[in-house]
There are 2 protein chains.
Amino acid sequence: MSNVCEILTLADLCAFLKENNNYVILTHVAPDGDTLGSAYALKYGLETLNKRAQVVCCDKIPHKYNYFIEDSNVDFAPECVIAVDVADIKLLGDLHSQFEGKIDLCIDHHISNTKYAKRLYLDADASAAAECVFEILDELGATFDRKTANALYTGLSTDTGCFKYASVTEKTHKIAAKLYTIGVDAAEINRIMFDTKSKNRLELEKLVLEKAEYHFGDKCMVLSVTSKMQKKTGCDLTELEGVASMSRSVEGVIAGVSIKQVAKDKFKISMRTYDPLDASAICKELGGGGHKAAAGCALTGRLSTVKAQILAAVKNEMERKNAGLTTN
Amino acid sequence: MSNVCEILTLADLCAFLKENNNYVILTHVAPDGDTLGSAYALKYGLETLNKRAQVVCCDKIPHKYNYFIEDSNVDFAPECVIAVDVADIKLLGDLHSQFEGKIDLCIDHHISNTKYAKRLYLDADASAAAECVFEILDELGATFDRKTANALYTGLSTDTGCFKYASVTEKTHKIAAKLYTIGVDAAEINRIMFDTKSKNRLELEKLVLEKAEYHFGDKCMVLSVTSKMQKKTGCDLTELEGVASMSRSVEGVIAGVSIKQVAKDKFKISMRTYDPLDASAICKELGGGGHKAAAGCALTGRLSTVKAQILAAVKNEMERKNAGLTTN
């Protein structure tokens, strides 16, 4: 595309938001706590500045986020389209073609943002898009109520594994502290986001663990979630969050592989690595991509063949990095 | 006991710490991240003020805490004994009789502190003893190095489930933010504390989940860890942390029971509840005690008998609280 994407400073961005009035805020496909929390907090904050805004997502919003979701004032003609936490226009899912070339502003924290919008505010040091939105609303002088605090906290907390990840900074905790002064329901949010599993999901974990495989001297763990397991436990693909991190949670494992069957002969692979391995290098070899510690790809074939392909790629990366590869 | 316990303000406490020089700092039995992190941070901080201090614990310190443990300057005559995060003198374990009546100062955050020390600095609003120690060292003008920051962060993070619990406040996050400015290795600490399980432990979880029971219309979950399971997987009692919280992690469960076999016919019970149930009321009925959301007791007999006793107590509490008890 020949579109030019204007990179905005915080001041530029705030000036732009003040100038305009009626916003559509887009989230990414398969919406998570950060895209939703950021989008709704932005909506609520703009509303306190007498703007109007509605949040639009191509997918149904999971009911677990209901505590911060309130759709109102949708009876207006949108003038300005904002995408929040959307690194690539393809991540708009079914809304992609409708909004192609029509995104006026993107607010993001992904260094990999493809600059598809007319204007981009990018803070790649932010642990979550919610961190950016907090700063924007603070700069704009918006009023924060409890619902806004809950939305922002949800973004912060879910995108950082509850302040666990390396992306967390002094600023992340400072913002969290401020949200407590607004009465954020943090413990209840964390309970919903991190400590509540369905009985079916627990059943699925049991089945997955029963078939766990270790390779390369226990440095690589492979977890497979077959269609049969999903059917047996009644868990659909939206309930498989967290299986990827399970694959890297065992002492000594530096390559965690999770293979989710999405259809006959079709698999979605999530790769999680620790130093010195690079998950994105492994997935690139398999036609996918991602970050150093977390990446993914899609493979077709029989499960045994797919597994062999992945293990070969893991082995190559272990050899490249001299990661004490032993036979197993 | 007829001993009088003097309640200290932060200023009193700092004056006391400035007056004395050579400290022994005691932790509680079965030491966790908070008692150890607080004790070592206090030692390191006092050392920057030209005091001498050594940490003493009746148990061996688990090797996973090695990253902040450095014992030096132990060649001195102790003048003053401090207990940190020790709510009751019995929690000194094997050091109990040796130090009975000889604790000059206790620094704690448990509202249930039994005032066994000559002086007590208690901040029951602190999410962790490490929160108290940070404030004390800050007030004293101690220097914080990275090791001290790592010790304090370990206390904060482990006692709050990584900032998840209701005990977390604005202050907790503000302190965490300050520790980031000193270069705390937070992501690595959280990885060790929360995301690393032994392969044996994962095997044990599989066995425990296989035998999971649901009662009272799935409102109560019971997890049992038998001696047989411990033997089969090679997990000892020190590796069973977290099983208690597993018992409350299923959607709809408001009473999570975990039963750990400690010897033939001897069981340690952990109870975790959500509103409206009171875990301490259930455990009191069984001869134990604790907090509203987390309590425990010890029972003897056959597993089936013990289980029946616990279920009866859970049922009573459900009836008392009108918690929608249904038959199952």
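For the structure, check the block above.
Along each chain, residue indices are assigned from 1 in the same order as the chain's sequence is written. To label them, take the chains in the order written and letter them from A, then take the ligands in the order written and number them from 1. Per-residue local features are limited, in this predicted model, to residues with pLDDT of at least 70; the limit for side-chain atom pairs, both in listing and counting, is 80 or more; totals at the level of whole chains, interfaces and linings are taken over all residues. Values shown for side chains rest on all heavy atoms present in the structure; no hydrogens or waters enter the calculation.

Peer 1: Would you mind going over the interface of chain A and chain B with me for this structure?
Peer 2: In many analyses, interface size is given as the accessible surface area lost on bringing the parts together. Across the contact, 36 residues belong to chain A and 36 residues belong to chain B. Carbon and sulfur atoms make up 61% of the area that chain A and chain B hide from each other, which totals about 3,500 Å². Sorting the residues of chain A by area buried against chain B places K164(A), H173(A) and K199(A) first, and these three jointly supply 18% of that buried surface. Salt bridge, as used here, is a side-chain nitrogen of Lys or Arg placed within 4 Å of a carboxyl oxygen of Asp or Glu. For the pair chain A and chain B, the interface holds four salt bridges. D195(B) is paired through a salt bridge with K164(A); the nearest N and O atoms lie 3.0 Å apart. Elements that contribute at least two residues to the side of chain A that touches chain B include exactly α6 (170-181), α7 (186-194) and α8 (199-210) of chain A. The way it works is that DSSP assigns letters per residue, a run of H or I at least four long becomes a helix, a run of E at least two long becomes a strand, and they are numbered from the N terminus. Sort the elements by how many residues they give to the side of chain A that touches chain B and α6(A) lands first, with seven residues. Side-chain classes follow a simple rule in which Ala, Val, Leu, Ile, Met, Phe, Trp, Tyr, Cys and Pro form the nonpolar group, Asp, Glu, Lys and Arg form the charged group, and the remainder, Gly included, forms the polar group. Classifying every residue of the side of chain A that touches chain B by side-chain character gives 17 nonpolar, seven polar and twelve charged. Only heavy atoms matter for contacts: two residues are in contact if any of them lie within 4.5 Å across the pair. As used here, buried area is the combined drop in accessible area, with a 1.4 Å probe, of two parts when they are placed together.

Peer 1: Help me out: how do you make sense of the packing of helix α5 (residues 146-159) of chain B against helix α7 (residues 186-194) of chain B in this one?
Peer 2: When two helices pack together, you describe them by how their axes are tilted relative to each other and by the distance separating the axes. Residue and element names in this part refer to chain B. A fitted line through C-alpha atoms serves as each axis, taken over the contacting stretch for helices, and the angle formed by two N-to-C directions is quoted from 0 to 180°. Here α5 crosses α7 at 50°, and the two axes come no closer than 10 Å. What the angle tells us is that α5 and α7 run oblique. The way α5 lies across α7 gives a crossing that is right-handed. Residue-level contacts link N150, Y153, T154, S157 and T158 of α5 to A186, I189, N190, M193 and F194 of α7. An angle counts as roughly parallel when it lies under 35 degrees, as roughly antiparallel when it exceeds 145, as roughly perpendicular when it falls between 65 and 115, and as oblique in every other case. Crossings are classed by handedness, with left-handed meaning an anticlockwise turn of the near helix from the far one by less than a right angle and right-handed meaning a clockwise turn.

Peer 1: What exactly am I supposed to notice about the pairing of strand β3 (residues 52-56) of chain A here?
Peer 2: All names here are of chain A. Strand pairing follows a simple DSSP-based rule, namely that at least 2 bridges must link the two strands. Summarising the sheet, strand β2 (residues 22-26) and β3 pair through five bridges and their orientation is parallel. By the bridge assignment, V24 is partnered in β3 with Q54. Crossovers are described as right-handed under a simple rule: with the strands pointing away from the observer, the path leading from the first strand over the helix to the second runs clockwise. Chirality of the crossover, the property in question, places the unit of β2, helix α2 (residues 33-48) and β3 among those that are right-handed.

Peer 1: Can you walk me through the packing of aromatic side chains in this structure?
Peer 2: Centre-to-centre distance and the angle between the planes together describe a pair of aromatic rings. Ring geometry is summarised as follows: Phe, Tyr and Trp rings, the Trp one being its six-membered ring, pair when their centres sit within 6.5 Å, and such pairs are stacked at plane angles under 30 degrees, edge-to-face over 60 and tilted between the two. Tallying each qualifying case throughout the model produces 15 aromatic pairs over all chains. Here F163(A) and F163(B) contribute two aromatic rings whose centre-to-centre distance is 5.9 Å and whose plane-to-plane angle is 75°, an arrangement assigned as edge-to-face. Highlighted residues: F163(A) in the loop between α5 (146-159) and α6 and F163(B) in the loop between α5 and α6 (170-181), drawn from two different chains. Take F163(A): its relative accessible area is 0%, and that puts it in the buried class. When the ring of Y67(B) is compared with that of F68(B), the centres are 5.3 Å apart and the planes differ by 80°; the resulting orientation is edge-to-face. Feature note: the residues Y153(A), F163(A), Y180(A), Y153(B), F163(B) and Y180(B) constitute an aromatic cluster, connected by ring pairs. Just above the ring of Y44(A) sits the side chain of K147(A); from NZ or CZ to the centre is 4.4 Å. Under the scheme applied here, a residue whose accessible area is under 20% of the maximum for its type counts as buried, over 50% as exposed, and between as partly exposed, the area being computed with a 1.4 Å probe on protein chains only. Working rule: Lys NZ or Arg CZ, within 6 Å of ring centre, within 35 degrees of ring normal, means a charge sits over the ring.

Peer 1: Is there a simple way to explain unusual backbone geometry in this structure?
Peer 2: Note the cis peptide between D275(A) and P276(A), where omega equals 0°. You can see P276(A) is positioned in the loop between β10 (266-273) and α11 (279-285). The phi dihedral of D218(A) falls on the positive side, at around 65°, and the residue is not glycine. When you line up the elements, D218(A) lands in the loop between β7 (213-215) and β8 (220-225). D218(A) sits in the partly exposed class, given a relative accessible area of 28%. Although it is not a glycine, F163(B) adopts a positive phi angle of roughly 65°.

These figures come from the coordinates and say nothing about function on their own.
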